[in-house]
Structures are given as structure tokens and as C-alpha cells.
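Examining the three-dimensional arrangement
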Amino acid sequence: MKKYKITISGMHCSSCASNIEKSLKKVPGVKNANVSLMLKKGTAECDDKVSEDEIKKAVARTGYKISNMEKE
Amino acid sequence: MNHEHKNHEMKNMKTINSHHHDEPVEDEEIKSWKKKLIFSWLFTIPIAIFMFSGRLFGIEILPESWMVPILLVLGFPVLFIFGWSTIKGGMRGLFTFYFNMDSLIALGTIVAYLTGFLSFIGIVDDYSGVAAMIMAFFTTGKYVEAVARGRASQEIKKLLELGAKKARILKNNQEIEIDISEVKVNDILIIKPGEKIPTDGIIVKGESSVDESMVTGESIPRDKIKGDNVIGATINQDGILYIKATKIGKDTFLAHIIKLVEETQSEKIPIQKLADKITSIFVPIILVVALLTFFAWLIFSNDLSRSISIGIAVLVIACPCALGLATPTALMVGSGMGAKRGILIKKGEAIQTMKEIKIIVLDKTGTITKGKPEVAEVYPKEKEKNLFEIAASLEKNSEHPIAKAIVSYAESIGLKKYKEVKNFKILRGRGIEGKIRGKSIVIGNRTLMNERKISLKKFEETIKNFENFGYTTMVISENKIILGAIAVADALKEDSVEAIKKLKEAGLRPIMITGDNEATAKAIGEKVGIYEILANVLPEEKANKVKELQEQEKKMVAFVGDGINDAPALKQSNVGIALGTGTDIAIESGDIVLAKGSLIGAVQAINLSKATFKKIKQNLFWAFAYNTIAIPLAIAGVLHPVVAEIAMALSSITVVTNANLLRRKKID
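Here the residue index of a chain counts from 1 through its sequence in written order. Chain labels run from A onward and ligand labels from 1 onward, assigned in the order the entries are written. Thresholds applied to this predicted model are a pLDDT of at least 70 for local features of residues and 80 or more for the giving and counting of side-chain atom pairs; totals over whole chains, interfaces and linings are not thresholded and use all residues. Side-chain measures here rest on the full set of heavy atoms in the structure, leaving out hydrogens and waters.

Remarks on the overall build of chain B
Helices and strands together make up the secondary structure of chain B, namely 24 helices and 22 strands. For a compact globule the rule gives 2.2 Å times the number of residues to the power 0.38, and the radius of gyration it is set against comes from C-alpha atoms. For chain B, the C-alpha radius of gyration of 34 Å lies well beyond 26 Å, the compact-globule estimate for 668 residues. Over its C-alpha atoms, taken along the principal directions, chain B stretches across nearly 115 × 70 × 40 Å. Here chain B, with 668 residues, has 55% of them falling under the buried criterion. Residues are treated as being in contact if the distance between any of their heavy atoms lies within 4.5 Å. Taking the contacts inside chain B whose residues are at least 6 apart along the sequence as the reference set, 70% of them involve residues at least 24 apart. Put simply, DSSP marks the helices as runs of H or I at least four residues long and the strands as runs of E at least two long, and each gets a number from the N terminus on. Think of it in three bands: with a 1.4 Å probe and only protein chains considered, a residue is buried below 20% of the maximum accessible area for its type, exposed above 50%, and partly exposed in between.

Looking at the interface of chain A and chain B
In this complex, chain A contributes 29 residues to the contact, which on the side of chain B involves 33 residues. The term buried area denotes the loss of accessible surface (1.4 Å probe radius) that occurs when two parts are joined, taken as the sum for both partners. Between chain A and chain B the total buried area reaches about 2400 Å² when both faces are included, carbon and sulfur atoms providing 55% of it. The largest contributions to the chain A side of the interface with chain B come from His12, Met38 and Leu39 of chain A, which together make up 30% of the buried area. A pairing counts as a salt bridge when a side-chain nitrogen of Lys or Arg comes within 4 Å of a carboxyl oxygen of Asp or Glu. In this assembly, chain A and chain B are joined by three salt bridges. For Glu29 of chain B, the salt bridge identified is with Lys40 of chain A, shortest N-O distance 2.9 Å.

Focus: the sheet that holds strand S3 (residues 41-46) of chain A
Residue and element names in this part refer to chain A. On the basis of which strands lie adjacent, the open sheet formed by four strands has the order S2-S3-S1-S4 and antiparallel pairing. Whereas interior strands pair on both sides, the edge strands pair on one side only; in this sheet they are strand S2 (30-36) and strand S4 (65-71). Across the sheet, the mean angle separating the axes of adjacent strands is 20 degrees when strand polarity is ignored. Taken together, the six bridges between strand S1 (residues 2-9) and S4 define a ladder with antiparallel strand orientation. By this definition, two strands are paired if DSSP reports at least two bridges between them. Throughout, an axis means a line fitted to C-alpha atoms (over the contacting stretch in the case of helices), and angles, computed between N-to-C directions, take values from 0 to 180 degrees.

Some details on a nonpolar patch on the surface
Residues enter patches when they are more than 30% accessible in relative terms and free of salt bridges; like-charged ones are connected within 9 Å and nonpolar ones (Val, Leu, Ile, Met, Phe, Trp, Tyr) within 5 Å. Note on areas: these come from Shrake-Rupley sampling with a 1.4 Å probe, and a residue is covered only by the protein chains present in the view. Taken together, Ile45, Ile49, Leu56, Phe57, Ile59 and Ile61 of chain B make up a surface patch of nonpolar side chains, about 630 Å² in accessible area. Within the secondary structure, Ile45 of chain B sits in helix H2 (residues 25-57).

A word on helix H18 (residues 460-468) of chain B
All names here are of chain B. Regarding H18, the residues found buried are Thr462, Ile463, Phe466 and Glu467. Buried residues of H18, seen end-on, are gathered within an arc of 135 degrees and therefore sit on one face of the element. In H18, those exposed residues whose orientation departs by more than 90 degrees from the buried face are Glu461 and Asn468. Of the residues one or two after H18, Gly470 is the one with positive phi, at around 90 degrees. Directions drawn from the helix axis to the C-beta atoms are what define this arc.

Brief notes about the packing of aromatic side chains
Residues and elements named next belong to chain B. We call Phe, Tyr and Trp rings a pair once their centres come within 6.5 Å, taking the six-membered ring for Trp, and we label the pair stacked below 30 degrees between planes, edge-to-face above 60, and tilted otherwise. Inspection of every chain in the model, using the stated rule, returns 15 aromatic pairs over all chains. Between Phe294 and Phe295, the ring centres sit 5.1 Å apart and the planes meet at 65 degrees, which makes this aromatic pair edge-to-face. Residue classification places Phe295 among the partly exposed residues on the basis of a relative accessible area of 43%. Between Tyr379 and Phe459, the ring centres sit 5.6 Å apart and the planes meet at 85 degrees, which makes this aromatic pair edge-to-face. You can see Tyr379 sitting in strand S12 (residues 374-380) and its partner Phe459 sitting in the loop between helix H17 (446-451) and H18, a full 80 residues away along the chain.

Here's the deal with the packing of helix H19 (residues 496-505) of chain B against helix H23 (residues 600-635) of chain B
All names here are of chain B. H23 packs onto H19 with a crossing angle of 25 degrees between their chain directions and a minimal axis gap of 8 Å. Comparing the axis directions of H19 and H23 gives the class roughly parallel. Contacts between H19 and H23 pair Glu498, Ala499, Lys502 and Leu503 from the former with Ile600, Val603 and Ile606 from the latter. Roughly parallel covers angles under 35 degrees, roughly antiparallel covers those over 145, roughly perpendicular covers 65 to 115, and oblique covers all other angles.

Topic: the side chain of Gln550 of chain B
All names here are of chain B. With respect to the element layout, Gln550 can be found in helix H21 (residues 542-553). Within polar-contact distance, the side chain of Gln550 engages the side chain of Gln572 at 2.7 Å. Each residue touching Gln550, except ones within four places of it in the same chain, is listed here: Lys555, Val557, Gln572, Ser573 and Asn574. Side-chain atoms alone can form a polar contact between residues adjacent in sequence; in general such a contact is a pair of N or O atoms within 3.5 Å, and within protein one must be able to donate a hydrogen while the other accepts it.

Overview of the confidence of the model for chain B
Residue and element names in this part refer to chain B. Across the chain, each position has a pLDDT score giving the predictor's confidence in that residue, from 0 to 100. When pLDDT is averaged across chain B, the result is 88; 95% of the residues are at 70 or more. By mean pLDDT, helix H1 (residues 3-17) is the weakest element of chain B at 42, and strand S18 (residues 509-513) is the strongest at 96. Contacts for the low-pLDDT stretch residues 1-23, under 50 throughout, to residues beyond four places or in other chains number 26 contacts. Complex prediction metrics read pTM 0.83 and ipTM 0.86.

Take a look at the structure:
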């Protein structure tokens, strides 16, 4: 298990946040995803095989950009 | 300090603190909405004048045939330049099936705008002016909302930006300023008066008082001397301090606090789950509803223009945002208010559970009392010194606060040499034993003496007296013969009495839990005003006692402890409140963590949780009520699309503003 901490730019409403969550959860291997509109940050808990790129793509799919990413 | 010197100092302070103004993300957002807002209205105001001058005052500024083309020209930049991010995001949502709020606005405004072109062929009325007005109001709403959201997170933002950016390090006897990221553990840092302490450390030289309010919520500066710990991001008041960095980067106290706050914020609390579910399916449902409304009106009224207008009103009035913002904004304000007072809500759920709490179990040592016991009275059979020679020799091997009290007392009466102890054993919650020169020594409480069948006979009265004073009494025995008794007292924290009074006023039933025996515990309970006492409880039994209470009373139970040996009890309770002391914060074990060690913090935490949860409920109520009233009204065709848009914007703003009102609540 690992955890990606992401900072997302471009979110401005709560459906944005829930869309990103949904999109992240669809990535195979992602166990849990949380996005906070207030902090413009999110976390994705996932299997070790999930790559940074997949997370980035999942966010991009909904129309937002990751401005910072950390792995834990 | 002379004046010049002070000036110099001030300058230094400036250089160290001047790197603090990184543009926060939120401000960027506000700025961008503001720009869009101004330009949108620049074009929308003329549109409004053209549209309403004829209708309201009968003055035709423009010839009839110019009207629509001019509205289309003026409306274009409002939608497709200043509103482009919304249109783009919304359209993208429509095509990728990740519908969002923008999808509704984009669809509504584009349809309205297109009626302008359709009006040329005479099949519908022109609504292109309405499109611009909707977008302008939407932008305005977003701007106000962004400002309010920024306000909601101001305390947290302050916390995030609290860390020092620079440090002054001592290298080869020279002071050099370096970036905080370059500081390593064991580096010696110099902090002048008025400066921020760069990172967690221990004072190696100098003394000063340190303002820790920004981190612990403790308002009175603390005096610090060599050997004391200091917390990064706190402010050195009056002396020059030399500290050795002990923790850096992610390991610092501040970093832990920030992590905690961020986790709370991105965590979902149960009451929000329904709202989230609705938010996530809200937009597609509204799209369908709008479409159905449009066709229903078209069939029954046979008026295409009116049907379009009503369809647009349905699109733009629906507001998933208010629902989505209800909890996070209130939680943000609440946790910000907490952070300012050193109250860290680690588990958002605790806020919801708190209002159900009826019983509050308080650990005695370290929670109600200072946790730093001192020897209060000694009753030796022979000489005091002889008694302590034996007692301290054994206790020296234990880390228990009582052991420390006995050892430090022994030192204070001039004892320097200890005897060799063999077979040393700690008997948890009861005492210790070991052998000195072959003689079996047992030191401990009444329970232990009974267990070992050591008769208390001659000491019975003394021990009882000690207990009635609230002293913890340690009996020292050698080969089953009692050598004496030592009474240890743990002073109450200054505000314990007040805090317990307030807990009772809040309708909670306080219960004290302790390893002390009945008599001692009762005496202390009496002093602080707690009359329900669980005495003789071994540390590992505390969790069980909490469980028993939960089952027997069928009530929610909160536990307040220092998290050192009561972590299981904190976990077992419905809401665990962990009291921290300085840097040794028991972050892992509590649902709510208090950075300062006072029991008043627990009272504040309870009040804050209740107030925050009430706000959340209010917000959710308004958001639900708004949508359940506004959407049917729009479907019924009684709302003009622009009015619908204004109502929508106001609903989001109301929720965020209401969350900000939480600050007015008195929680102290």
C-alpha cells in the first residue's frame, strides 16, 4: 500500500472534487481517494503497482491539473 | 538594550521573516474571479440597459432590428472570453460524463445565447442577453464564494505558513543564514529576540521566554532555560537562544499538526455522506429534469420560447455546490478555531459523535493532576535516610513518576550512593520488588502488601491518614516487615476545578479513573468536584472499564487522558481526547488532540465540536431546503432564468457565510 498526496489546481466547486474522487477510484488498484475542495488537496491510497502517471491521468480526465505530488 | 542595537535586531528580524509572502493559491483564485467579474459586468450592464429600458420604461435606445445583433456581440466576450473557463469545463464535463456544476451553467448559457441566432429566423424569442446576465451573476457568485471560502480557511492557512523559512546557523564560530531546508539534526541554531524558532530543538545556551501560542494555544509565554525543548515556529521573546535542532522537516511538531489538520479536512464525516452521494448524481439528474421540463412545457403550452426559458431556469437554479460546501466549510472554520487554541480535531467523525456523549471519564494522573508527583510526607520506622536508601535504590530502576519523585527526594536529602539491586521487577499498577543484599524488598500500595501477605497493622492509621489527604501511599517492606511509608502527592492542574465545573454545566457526567486506592482517589475527587470514582484500576484495565460503562449505561463515553499509558482506553471510548504536553504529543491515540495540557482544552474541544456539528447540520438543512424548494419553482415556470441564477449564487454564498459565522460562537 502507498499513498499519493496531490495538490490540484482548477477546482472551484464541490462537484469538481467529487468527480476527481470518482475518477481516482476508477483507477485499478486505488483503494480509497479523498479530495478536499477547501484545501485543494487530495489523497489516493493504492496498491504499489499504481504509478504516478495513472493518478495524473485520472485527474486530467476530469479536467483538472495536479500541481504537486508526493508519495508516502 | 540601547536603541541602535534594537534597531539592528529589528532589521534582522525582518530579513528572517520577509520570506513569508508566497502568494497563496486561494488568493490567485479570488483575483481571477474578480477580473472576470469586472469585465463581465462591463459588457453585461449595457446589455441590461438595452433589454430593460424598452420593457420597463418604454424608451427604445436601439432600433428593434439592431437589438439582437448588438446583444450577441456584447454577450460573446462575457460567455466565451471571461466565462470561457466555465464553458470549457462544463462542456468537457458533458462530453466526458464527469458532469459538474459548470455543465449546468454552460449548457444553460449556450442554449440561451443560441436563441439569439434562432430569433433571426423567427422561431423563438431572443434570450442571448439573459445568457450574459446568467454568466455575470454566476461569476459574481463564484467570486463572493471564493472570498468567503478564503475566510473560512484563514486560520488553517496561517498555520500552513507558520513555519520559518530561514535559520541562522553557527558554523566555525560564524553566524550564517541558511534556508530552513538545509538545517540538519544536531545543527546549532541561533535565535535572537523577536525571531521565530526555526525548528524543534533543545536549548544548549541562553534563556528566554517563548511565545508558543501559535502552536499550542497557550497564551502565556513560557520561560525556557538550557535543556528545555523548544517548538519550531514559536517566537523567542527576550533572550538570545542557542538551540540544537532535534527534529526537522516532516518530523517537527508543526508538521505533525499540519498533517493532522489536512487529514481531518479531507476526511468525510458520516453526515456528509448523503450530501456527497446526492452531489455526485445531482448534475445528470438535473440535466434530465431540465430536458423533461422543456418537453412537458412544449407539449402543454406549445410555446417554444417559454419552454426554453423554463428549461434554462431549471438548469441554472440547481445548486449541488451548496450541498457540497455545507460540511467542508464548517469543518474548516471549526478546525481553524480549534488549531488556534491548540485543539486538533484528528477524526472529523468525533464532531458528530460528541453531541451524543453523556459520560466523560477522566484519567487522574497527568490529566486532572500535573502528573509530577512529589514526596509530601514520610513516616519511617527508624531513620528517614535509611528508609530512602532502600526505597530510592529500587525506585531508581523505574521510570514511573512516583519512582522519580522518591528518587529526587532522596537526592534532596543528600543521598548519593545507591545499593545494588538484584531481581528487580516492576509490578504494574502496584509497585516494585527486588533484592538488596539478599533481603527481599517490596515497595508498593496496599493491594501489593495484601497480596504478599505483609501485615500493615502498626501503620494502618498513618496510611489511612495519608490516603484521606489524597496522597498516594507507598509502603516499604523488607522481608515482609514494614520499614515505613512514603506519601506522594500530585498537585492538581490550575484549571482542573474550573474545567470539571464546566463539564458538569455542559450536562456531562464526569468520572475519575485512577490506579490509586479508594480513599486517596476520593480525596482528590472531592478537591476537584468529581464524586464518581473508579479506583484501583490498573493501566491495562482502563479500556475495559470504559467498555463496561458503555455497555452498562448504554451511553456514549468520552475518555480524557495523556495518551501515554491509556491509549487503549482512548481508542475504546467513543471520543478519545488526548492531552499533550509540549512536544510529547500523543497524536496517534486520540480522536481529538490537545496541544496544551490543560483540561480546559477538553471543555473547549467539546464545545467546539458541538458548535461545529450544529453548523454543519444547519448548512445541510439550508442546502437541501434550497434545492427542494427552488427546483420545483423553476419547473413550475415561475422563475425567470436570471432570478434563478441569482438564487443559486446566493445559496452557495449563504452556506459559506453561515460557516464563517461559527467564529462568533463562544467556546471557551
